[in-house]
Every structure is written in C-alpha cells, then in structure tokens.
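Single-letter residue listing:
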Amino acid sequence: MNILGLSAFYHDSAAALVRDGEILAAAQEERFTRKKHDERFPEHALRYCLETAGLQASDLDAVIFYEKPLLKFERLLETYLAYAPRGLFSFFRAMPPWLQQKLHLPREIDRGLGGGYAGPIYFCTHHEAHAASAFYPSPFGEAAILTMDGVGEWATTSWGTGRGNAIELRGEIRFPHSLGLLYSAFTSYCGFRVNSGEYKLMGLAPYGEPRYAGLIRRHLIDLREDGSFRLDMAYFNYCQGLTMTNRRFHRLFGGPPRRPDSEPTQREMDLAASIQLVTEEAMLNIARHVHRETGLPDLCLAGGVALNCVGNGRILREGPFENIWIQPAAGDAGGALGAALWCWYHQLGNARTPQPRDSQQGSYLGPAFSPAQVRAELGALNAVCETFATEEQLADAIAAALDEGKIVGHFAGRAEFGPRALGHRSLLGDPRRPDMQTRMNTAIKFRESFRPFAPAVLEGRQSDYFDLTAASPYMLLVAPVRADRRGPSAPGEERLSGLARLKALRGDLPAVTHVDHSARVQTVGADRSPRFHAILRAFERRTGCPVLVNTSFNIRGEPVVHTPSEAYRCFMFTDMDVLVVEDCLLRKEAQPPLEGAAAYRRRFGAAD
Amino acid sequence: MARRRSFLAELFDFILAHKAWLLAPIILVLVLAGLLIILGGTKAAPFIYTLF
C-alpha cells in the first residue's frame, strides 16, 4: 500500500512516500526550487517520491496532509475575534491566501497530482504528524512522546505515549502559549529572521551571559511545576499584528529590535544566552513532567523546538529519560513523513516492528544521482575529474586533501531529509586547524563568523572526544568537549567577551569546539553511510584523528545543493579546494574558469 | 479528477462536529462582505445601497 504524506502552505513544504510502513522517499521542496523554506505545494518533491517508487499518481492508495486546515482556520478567526478591532490589518493580510488556497486543500492536492488520483485524502493534526514522525521511525516499541513547536492548529506542545502501532496524545499546551514562538520572538528581536534565524540565535548564545533570564522568567513566561507554562501576552504582538514583539517588550529589554544590517552586539549575545537558558529550563521541565506521567524510560522528540540541540543535549544528560530519539526532520518538513506513517500505523492499524537502529535509514531519503547523470552534468560544464580504482583509494585521496588543510565538498548517495547535512551533501574540513571555522564561514559560506561548525566522529569514538556515550547519528545533540581535549586557557582568556572569544585557542578540535566548549556531534556508522565512514577512517589512519568538520553544502541563504551541477557551481564560486561528486574528484586548480561568480553570490548572499 | 465534497459542506460538518458555533456568524459576515465586493463591481452595484 502506497501512502503519500504532504506538508505545505506554511513553511518547509515536503513530500514523503511510505510503502507498507517502509519509508521509500522523503524530500523538501526547497531543494528543488532553490527557494529557502519554500512553502508552496511540493510538486517537485512529490514527483521525486513517485519516480523513486516507480509510481504514477493513480497508483497511490492514500494521500494525507499534515494539518487540519479547518481547525487552524478556526484558531485564526477566534484569535482575531478575541483581539478585534486590533489585528484588522493582519486579518486582511491573512485571509486572501486562506480563502483562495488553504481552505481548498483537496482541490490543491488533486491539482498537484495532475488529476490522476481519485483515492481518499486524509488529514491528521499538526502535532499528531510530529508525534508520528518521532515515534514510528524510532527504535522503541514503547516510548513517551514530546512535540514542541511554534504552533499547529491549536497545540504548541503536546505529549503522550506510543505503544506498538498506536499513539495516544494525552496533554497539550495551546496557542498563544508557545515555546517556539517565544524563541522566535527573541530571534526577531535580535535582528534575525523568524523561522530560519533560530539556529543563529542558538549559535550566538554561548558568547553571552544570561543576564536577562530573570527578567524573562519574571515577566514573559510562567514555568509551572506540572511542566506547563504560560506567556504574558501583553508583551507580544504575534496574535494580532505583523511583528512578534511590541513596544512593551522593547521597553522591558531596554531598546528597539536590532536592525538586521547591523552587527550583533554583546546585548544580543546576552539576550540569546538568556532565552536559550530559559528555553532549556522549559524543555527540561516538560520532559520531567512527561516522565512522571508516563513512567517510560525512552523519549521521542519532534517539532521545531526539538531542533534546539543544546536543549536536547540537556534533556539527555540531566533529564530522567535513559534514551532519547529525535526525528531529524523535526520541523514542518518532517510532518509529511509523520502524516504518512500516522496513516499506515495509527489510522489503518497495521502492525509495527521497531528496528534496532531505527527505521529512518540515516535520513538518507532524498534524491541520488547515477554515475551517468553525474558525468553528463559535469561534462556539460567542462569539469575536469579524477577517478580512482577503488573506494578506499578515493577515501585516501580525500583524507590527504583534508590533512593538507583543504576544504572538500562531498556529494554522494541519497540526499538527507531534514535541515542537517549528514555527510552526503556536506562540506568537510580538518577540525584540528584553528583557522578552519573562520575560513569556512567567511570564504565558503559567506556567513557570520560567530556561527559554529559541527564535528562528525566515527561511531564508538565519540566518548574519546566528547562527554557523550549515546549515538547521535542525526547531529541533534550538543555535548561538552571532554575536559582533557580543551587545551589550556590562553593568558587573559577569561577577560575576553563576545566575539573576541572566538579567537581564543580551543584545544584539540578548535574548529568544532564552540566558545563554551560544546559541540553538536554527529556519530557516523558504517551501516548508514559507508562512504562517509570510509573517509573518516582514512582521515584517522592518516592523522590519528577520527573527527571531521561537517557542515551543509551550500552558501548563506541557499538551500543545500541538489544537483551535481549546483555542487560544481558552489565549488567554483567559493574558496572550496576540492569537490567529490560520487566517484569523481575535482581539484580547483585543474578546472577551467567558469563565469557567473558575482551573480551566484548575489543571488543567495542577500537573502538569509 | 476525483469528486470531493464541497468546501461549504466540509465547513458545515466541521462546525457541527466541533460545536464551533462562533464560526457561523463570522463565516456569514465574510460571505456577505465577499458578495458585496463581488456585486459592487457588477451591474447590481446601484441596488446595494438600498439593501442597507
């Protein structure tokens, strides 16, 4: 039975195809359209899913959407009514897309499927989709489930249990009280874009001191013993206006929001540290409550807040759960996958057998390119490739380049589903080099130099470098770097503040150790990604270090590269030294010149 | 193309199932306002004043 899950019309639209409970394909629309967080109907992602499974639209047995639009519409209208006449302007902005499109999803879905599908269209709630995406692919037969995000229909946080093939959501916190929206309010106040700048705020937090945390707890959020929380809506404007925060909020924190074109100051760093701390406290608080209520040792997480890997790391280390599993596509894109799984297991009642590792397949669920396609695309660009007799020789050549300090773009196998690049669409570098972070940020990605990079480490070796024993295959856990790997403090280092802390040397792995000595770890096993594992092994053989810098293969504002020719352009128009596309290795110095660098950087560099 | 239930039928079911009575007058006003806007651009425009 083939079930198509869809998410669309808010942000991060995606499609996922599940056959008899097995995930065949999942992809986010932005990769195909090259528009970051594309919210339009996922026609390209949907076509990819059908092609991968060798299906026509008419072969589908069910289509399921990740939200209940009428319930969401009810929330919108009731909220506007509660705030009327304030919010009239926002109301008039919001209504046209609802009346034209969002309320007519069956029509939109039929149209998107080219009229070839006559079967049922189902809808599950936003948080049911998140809960399903967290529990069904997890390795647990029974587990507590916690989903936290901005808002779906009404729920902003929900918790419950998963047993076998059934999910029971037992409690929820409703709009407008939302941990995700609180975090987004600070994201916007600190001058970053809502729904995409939250990572930046999280990356900025370690540079600051949480000096506003008390103010946030006293005025903005009431954290209660039962894990719930309430926001004081007098400080927010998102119910009725077109901004997240209002003047009262700005007065509380002593000034207007940062202008996006200005540099973040110590104040923004302190604000980031403060909201990060309070968010972690709220996450821990809820996790403890869910544990008390369910008594289960394992926890599954999803929803946009579950991408807060610092908070996830604290739940793992300080929380009551023994194991946690986090859906790698924890945001709305993952809702497409969750909806399809919900339909198969929960709605149709099919039996579920959890897989020992999980059934997410390393999240390598996106498009792959055959050697013939790669050669055709690169040939059309007159690219000069080297090939190797064996995979091992290729891995050795990549390791040698990395050891020389070169930055390697690696494009191989199926693309990742979810926001993290996990080795298949990645930029790799040597983590032992102190200049690597700044070089990769400024010369390759054209992004802010404060943003940290993540380490990929051979599975089983993570505890040699980090205070982490659990596997973290999806790069969703932040763990401290081991004390003996941090290196001695430089004289006067403790007096440094803000971005100056970036220049202080940080131990054995300076390129992936954040200023607070933390790292967002990915553990790499041979079963999920043999190629990436082989590169790490080759690098370890050569240098003794089983760790590499791993960041997504894109520049600022650009979705992760999708085709070999996009990878080649990114390679040619940035300071990347080496590109590997499947079995082809390309060195920058061997390539003929390529026109269009300025236009390429302009196209993406301005938008983030 | 598949035959689907109309949006208004779905909405009616939703209001009944969720006892969302509050929505009924809001939807009615929206529909009336929509009709006014549509009719305001047609030959029926001169008659609209007499309705209110």
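Everything numeric in this text was worked out from a predicted model, so none of it was measured.

## What about the packing of helix 7 (residues 179–189) of chain A against helix 11 (residues 266–294) of chain A?
All names here are of chain A. Two numbers describe how helix 7 lies on helix 11: the axes approach to 10 Å, and their chain directions differ by 175 degrees. Judged by the inter-axis angle, helix 7 sits roughly antiparallel to helix 11. Between helix 7, through L179, Y183, F186 and Y189, and helix 11, the contact on the second element is made entirely by L271, I275, T279 and A282. Residues that form the contact of helix 7 with helix 11 fall into these classes: seven nonpolar, one polar and no charged.

## Some points on the sheet that holds strand 7 (residues 155–163) of chain A
All names here are of chain A. Pairing is mixed across the open sheet formed by five strands, whose spatial order is 8-7-6-11-12. In this open sheet, the two edge strands, each paired with only one partner strand, are strand 8 (166–174) and strand 12 (323–326). The mean angle between the axes of side-by-side strands here comes to 20 degrees, regardless of whether they run parallel or antiparallel. Inspection of the sheet shows strand 6 (residues 142–148) paired to strand 7 by seven bridges, in the antiparallel sense. Of the residues in strand 7, the one forming a bridge with E142 is R163. Contacts from helix 11 reach strand 6, strand 7 and strand 11 (298–302), with the element oriented near 150 degrees to strand 6.

## Examining helix 15 (residues 391–403) of chain A
All names here are of chain A. With 13 residues, helix 15 extends 18 Å between its outermost C-alpha atoms, agreeing within 8% with the 18 Å of an ideal straight helix rising 1.5 Å per residue. Along helix 15, the positions that sit buried rather than exposed are L394, A395, I398, A399 and L402. Burial along helix 15 is one-sided: seen end-on, the buried residues are contained in an arc of 135 degrees. At the exit of helix 15 stands G405, carrying a positive phi of roughly 90 degrees.

## Here's the deal with unusual backbone geometry
All names here are of chain A. Each neighbour pair has its own omega, and for A84 with P85 the value is 5 degrees, a cis peptide bond. For P85, the position within the fold is in the loop between helix 3 (69–83) and helix 4 (88–102). Between F175 and the following residue, P176, the backbone shows a cis peptide bond with an omega angle of 10 degrees. Here P176 is to be found in the loop between strand 8 and helix 7. At S363, a position not held by glycine, the phi torsion is positive, near 65 degrees. Structurally, S363 can be placed in the loop between helix 13 (333–347) and helix 14 (371–380). The backbone of E582 shows a phi angle near 50 degrees, a positive value even though the residue is not glycine. Mapped onto the elements of the fold, E582 is located in the loop between strand 19 (578–581) and strand 20 (584–587). We classify E582 as buried; it has 21 C-beta atoms within 10 Å.

Conventions and cut-offs
All residue numbers refer to positions counted from 1 along the written sequence of the respective chain. Going through the entries in the order they are written, you letter the chains from A and number the ligands from 1. Since the coordinates come from a predicted model, pLDDT governs what is reported: local features require at least 70, and pairs of side-chain atoms require 80 or more to be given and counted, while whole-chain, interface and lining totals use all residues. For every element, the axis is a line fit to its C-alpha atoms; helices are fit only across the contacting stretch, and the angle between N-to-C directions ranges from 0 to 180 degrees. Counting from the N terminus, the helices are the DSSP runs of H or I reaching at least four residues and the strands are the DSSP runs of E reaching at least two. Geometric relationships in this document are graded by angle, where less than 35 degrees denotes roughly parallel, more than 145 denotes roughly antiparallel, 65 to 115 denotes roughly perpendicular, and other angles denote oblique. Once C-beta atoms are placed from the backbone, any two residues with those atoms within 7 Å are in contact. Any residue that is not Ala, Val, Leu, Ile, Met, Phe, Trp, Tyr, Cys, Pro, Asp, Glu, Lys or Arg is counted as polar, Gly included; the first ten are nonpolar and the last four charged. In this description, strands pair whenever DSSP reports at least two bridges between them. A helix is expected to span 1.5 Å for every residue after the first. Each residue is classified by how many other C-beta atoms fall within 10 Å of its C-beta atom, where C-beta atoms are placed from the backbone; a count of 20 or more means buried, 12 or fewer means exposed, and values in between mean partly exposed. This arc is taken over the directions from the axis of the helix to the C-beta atoms.

Honestly, it's all geometry; don't read function into it.
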